[in-house]
Each structure stands twice: as C-alpha cells, then as structure tokens.
Amino acid sequence: MQADIQLHFTPIQLLLSLLLMVVAVASLRLFRNRLLYRLFFVAIVLTGILFVTVPELPYYIANRLGVGRGVDLVFYLLFTGFLLLIAVLYRRLLQHDIILTQIIRQNAIKNCRNNHARKGRENVH
Amino acid sequence: MTDQIYVIIPAFNEGKVIRQTIRSLGNQYHIVLVDDASTDDTANAVRDLPIYYVRHDINLGQGAALQTGMDFALQQGADIVVHFDADGQHNPADIDRFIEVLKTQKTDVVLGSRFMRQEDLLAIPRLRRFLLRVARVVNGLLTGLWLSDAHNGFRVMNRQALRSIQLKENRMAHATEILMQVRRNRLHYIESPTHIIYTEYSQVKGQRWQGAIDILIDVFINKYFR
C-alpha cells in the first residue's frame, strides 16, 4: 500500500509541535545526569512532532501493523507507555521507601532511650 | 554464662495497655519497646520502666518495627530474641518454655501455634479461625513451610536466625516473609503451642479480614514482582 505523504502545516499542528518542543526542553532540564531518560523523551517528542506534522504517517504505520486507524495506534502506544510509567514510578517509590526506612531505623536506634540508666534520658551509645 | 534475652515489643498507639504488658514480663529480660510513631501517650506510659525505648519518627508498620528491634538487639549482643505483641495477648510464661524448646531441640526458631492444643484453638474467634486456616494454606504454598498456624506474632529465635532474617516487608506481610527467610536461610524451626488471650481490646486493635486480603496481595507482589 502506498501512502500519500504530504507536508502541510495547519495552526494546530504548529501549536502542538511548539508545545512538544517545550516538553523536550523541559525534559532535558528535568533529567539531569540521566542520559537514557533524556534520549527516551527526546525520541518520544520527535515522534510526536512527526506524527503531528505528517498525520498520514501513523495511519500508514497502523495499516502496516494491522491496527486500523492511526489514532488507535497512538492510543495503544500511549496506554502502554502510561502503564510502563506507573511501573517505573512505583519501583522508584519502593526504593525511596527502603531508604526512608533505613534512615528512620538508624535514627531510632541512635536515639534509643535507655531507661535502665536511672538518671533521666540517657542514650545507649 | 547466661543468655542475653531481648524481648522486642512493636507498638503503635498502645498507650492504654503497654505498661501492663511490659510489667507482666518481669525483670529477667532486656525489653526493647519499638514505638512506631505513636500519637498517644505510649512514650509517657513507659517512661519509668526499665526498658530500651526506641521510637520511629514516622509510622512504618509492624514489620519495620520488629526489624528495628532486631537490629538493636543484634547490636547489643543478644543471644535470643522474642517477638511479643504489645496488646497483652501473648502469655509471658510462654517465653521461658519457648527458650527451653529452642535450646533442647537445638533449633534456630520456635514459632508459636494456636492450633496444637484444643484449648488454644477454641479460644480463637470463629471467623479468625477460618481466616487463619486459609492463611495457613496460602503460607504453605508461598513459603513451602506447612505450619499448623499462620501469622502468629509470638516467636523466639537465636542469634543465628537474628543475623539471617532481614525483613523488608514494613507492614503486616512480614509474618509470611519471616517464614520465607527461614526457608531460604535453611534455618531450623519448630512449632510450639501457645495460648493467645483475645480480649475485646486486642480484637478491636487486631487485624480485620480486609487486612488479610491486603497482606495476601503484599506477599504475592513482593514475592514475584519486587
């Protein structure tokens, strides 16, 4: 199947492309020292801009993949990405939980009140 | 040389009963009260009792409190550690008996069971008995340890077990996690009968059936997806 790909810019395409570029810059600033995250976000933004400016492209790819409409393809990709994001964030949250627990535990043990020492609140260490 | 015995009591808002629970233990053990960021007067209630008082700045859960107590006991040179509930539902007289079992049977962990004697079994409320039987099967399938009881908080362990067990389950799923680690670390374990006193207070404070489902999900997720 031959797709009829033409470059034309409507106001909404320009607006969306600009917004995506802002997202790209923001993500570059946000993910300091995380090259993989930066590359991943830039790749997503570039794909987004490509899809916005050449709407026939997702349609063409969707057809080749047997999905049907281009918008369905984008929806499936977004949905999968969303679930992936939740999993990554949850994992990160768990790691923070572990760190928090360690800090609270160390602090609790360090500040242990030894009531055996009769004179007031003396620490064990 | 006498053994250094540390009784670890995790507590969250047990100000009403904690003093009585600690006093029931007498003076023969080192008592470590791990206050899991209680918002009641737990701290004041035990101020003059001869114990170690360790306090979490933020509420982390019973599993985390037990691990804090175990870390502390290990640092202090404990030979034997006892897990004891703050709400007074465990029998202090069981401690010496369990320690005796630990030594004579040369085992690493002694786990309390409410299902080995008829009188202990009958003391468990009917719904809880049913839930525990289900939990026992789930525990068996997940850990490979087929015990007569599940989620019984009364345990005694030696220093080797204390060194090997490192709880990551901060909340209630730690009871199953302990069993998993007993198996993974090839610790020797034995069950011994224990009597649990179900007071109105301990039942209100205790786990509800919704909690059991939560625990199950925690255990499952952390076994396969962590």
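Conventions used here
- Residues numbered from 1 in each chain as written.
- Chains lettered and ligands numbered in written order.
- Predicted model: local features only at pLDDT ≥ 70, side-chain atom pairs only at ≥ 80, totals over all residues.
- Heavy atoms only, no water.
- Helix = DSSP H or I, 4+ residues; strand = E, 2+ residues; numbered from the N terminus.
- Buried < 20%, exposed > 50% of the residue type's maximum accessible area, 1.4 Å probe, protein only.
- Contact = heavy atoms within 4.5 Å.
- Areas by Shrake-Rupley, 256 points an atom, 1.4 Å probe, with all protein chains shown as cover.
- Buried area = accessible area lost by both parts, 1.4 Å probe.
- Salt bridge = Lys/Arg side-chain N within 4 Å of Asp/Glu carboxyl O.
- Polar contact = N/O pair within 3.5 Å; in protein donor to acceptor, adjacent residues only side chain to side chain.
- Nonpolar A, V, L, I, M, F, W, Y, C, P; charged D, E, K, R; others polar.
- Pairing = 2+ DSSP bridges.
- Expected span 1.5 Å × (residues − 1).
- Axes fitted to C-alpha atoms, helices over the stretch in contact; angles between N-to-C directions.
- Parallel < 35°, antiparallel > 145°, perpendicular 65-115°, else oblique.
- Patch = residues over 30% accessible without salt bridge, like charges linked within 9 Å, V, L, I, M, F, W, Y side chains within 5 Å.
- Phe/Tyr/Trp six-rings, centres within 6.5 Å; stacked < 30°, edge-to-face > 60°.
- Lys NZ or Arg CZ within 6 Å of the ring centre and 35° of its normal.

An unreviewed UniProt entry annotates chain B as Glycosyltransferase family 2 protein of Spirosoma terrae.

Per an unreviewed UniProt entry, chain A goes by DUF2304 domain-containing protein and derives from Spirosoma terrae.

1. Structural notes on the overall build of chain B
Scanning chain B from terminus to terminus reveals 10 helices and 7 strands. Sorting the 226 residues of chain B into buried and exposed places 53% on the buried side. Residue pairs in contact within chain B that sit at least 24 positions apart in sequence constitute 72% of those at least 6 positions apart. Surface summary for chain B: the accessible area is close to 10500 Å², and the carbon and sulfur share equals 52%.

2. Quick notes on the overall build of chain A
Assigned secondary structure in chain A consists of 4 helices and 2 strands. Helices and strands appear in chain A in the N-to-C order α-α-α-α-β-β. Taking contacts inside chain A between residues at least 6 apart in sequence as the whole, the part at least 24 apart equals 42%. Put simply, chain A shows about 9600 Å² of open surface, and 69% of that area lies on carbon and sulfur atoms.

3. Things to note about the interface of chain B and chain A
On the side of chain A, 17 residues touch chain B, which itself brings 24 residues to the contact. Both faces considered, chain B and chain A share a buried interface measuring about 2000 Å² in area, 56% of it formed by carbon and sulfur atoms. The tally of links between chain B and chain A comes to 0 salt bridges. At the junction of chain B with chain A, the criterion picks out 10 residue pairs in polar contact (both at pLDDT 80 or more). With 7 residues, the top contributor of residues to the side of chain B that touches chain A is helix 3 (residues 62–76) of chain B. The residue makeup of the side of chain B that touches chain A, split by class, is 12 nonpolar, 6 polar and 6 charged. Where strand 1 (residues 113–114) of chain A lies against strand 3 (residues 52–55) of chain B, 2 bridges are found, and the strand directions are antiparallel. Residue pairing for strand 3 of chain B: Asn 114 of chain A is matched across the bridge by Tyr 52 of chain B.

4. A word on helix 2 (residues 35–53) of chain A
Taking 1.5 Å as the rise per residue, helix 2 of chain A with 19 residues should run 27 Å; its terminal C-alpha atoms sit 27 Å apart, in good agreement. Listed as buried for helix 2 of chain A are Val 45, Gly 48, Ile 49, Phe 51, Val 52 and Thr 53 of chain A.

5. Here's the deal with the packing of helix 3 (residues 56–65) of chain A against helix 4 (residues 70–110) of chain A
When two helices pack together, their arrangement is given by the angle between the helix axes and by the axis-to-axis distance. All names here are of chain A. Relative to each other, helix 3 and helix 4 sit at 80°, their axes nearing to 7 Å. Classified by the interaxial angle, the pair formed by helix 3 and helix 4 is roughly perpendicular. Contacts from Pro 58, Tyr 59, Ile 61, Ala 62 and Leu 65 in helix 3 reach Gly 70, Leu 73 and Val 74 in helix 4. Here the residues of the contact of helix 3 with helix 4 sort into 7 nonpolar, 1 polar and no charged.

6. Description of a nonpolar patch on the surface
Residues and elements named next belong to chain A. Together, Leu 36, Tyr 37, Phe 40, Ile 44, Leu 84 and Val 88 make up an exposed nonpolar region whose accessible area comes to about 600 Å². Taken together, the elements giving at least two residues each to the nonpolar patch come down to helix 2 and helix 4. For the nonpolar patch, the element with the most residues is helix 2, which contributes 4 residues. Counting through the fold element by element, Tyr 37 comes out in helix 2. Of the residues examined, Tyr 37 reaches a relative accessible area of 34% and is grouped as partly exposed.

7. Observations regarding the side chain of His 56 of chain B
Relative to the helices and strands, His 56 of chain B resides in the loop between strand 3 and helix 3. A relative accessible area of 0% places His 56 of chain B in the buried class. In this structure, His 56 of chain B is in contact with Ile 104 and Ala 108 of chain A together with Val 34, Asp 35, Asp 36, Ala 37, Ala 64, Ala 65 and Thr 68 of chain B, ignoring residues within four places of it in sequence.

8. A short note on the pattern of salt bridges
Residues and elements named next belong to chain B. Evaluation of the coordinates by the stated rule reveals 8 salt bridges over all chains. A salt bridge links Arg 97 to Asp 94; its shortest N-O distance comes to 2.8 Å. Here Arg 97 and its partner Asp 94 are both found in helix 4 (residues 93–104), 3 residues apart, which amounts to about one turn of the helix. As a salt-bridge pair, Arg 117 and Glu 119 come within 3.9 Å of each other at their nearest N and O atoms. On the basis of relative accessible area, Glu 119 is assigned to the partly exposed category, the value being 48%.

9. Structural notes on the packing of aromatic side chains
Summed over all chains, the structure comprises 9 aromatic pairs over all chains. Between Phe 75 of chain A and Phe 79 of chain A the ring centres are 6.2 Å apart and the planes differ by 25°, which places this aromatic pair in the stacked class. Placement of both Phe 75 of chain A and Phe 79 of chain A in helix 4 is noted, with a separation of 4 residues, approximately one turn of the helix. Exposure remark for Phe 79 of chain A: the relative accessible area of 45% places this residue in the partly exposed category. Members of the aromatic cluster, joined through ring pairs, are Phe 31, Tyr 37, Phe 40 and Phe 41 of chain A. Above the face of the Tyr 37 of chain A ring, Arg 34 of chain A is positioned so that its terminal group lies 5.4 Å from the ring centre. Between Arg 113 of chain A and the ring centre of Tyr 53 of chain B, over which it is positioned, the NZ or CZ distance is 4.4 Å.

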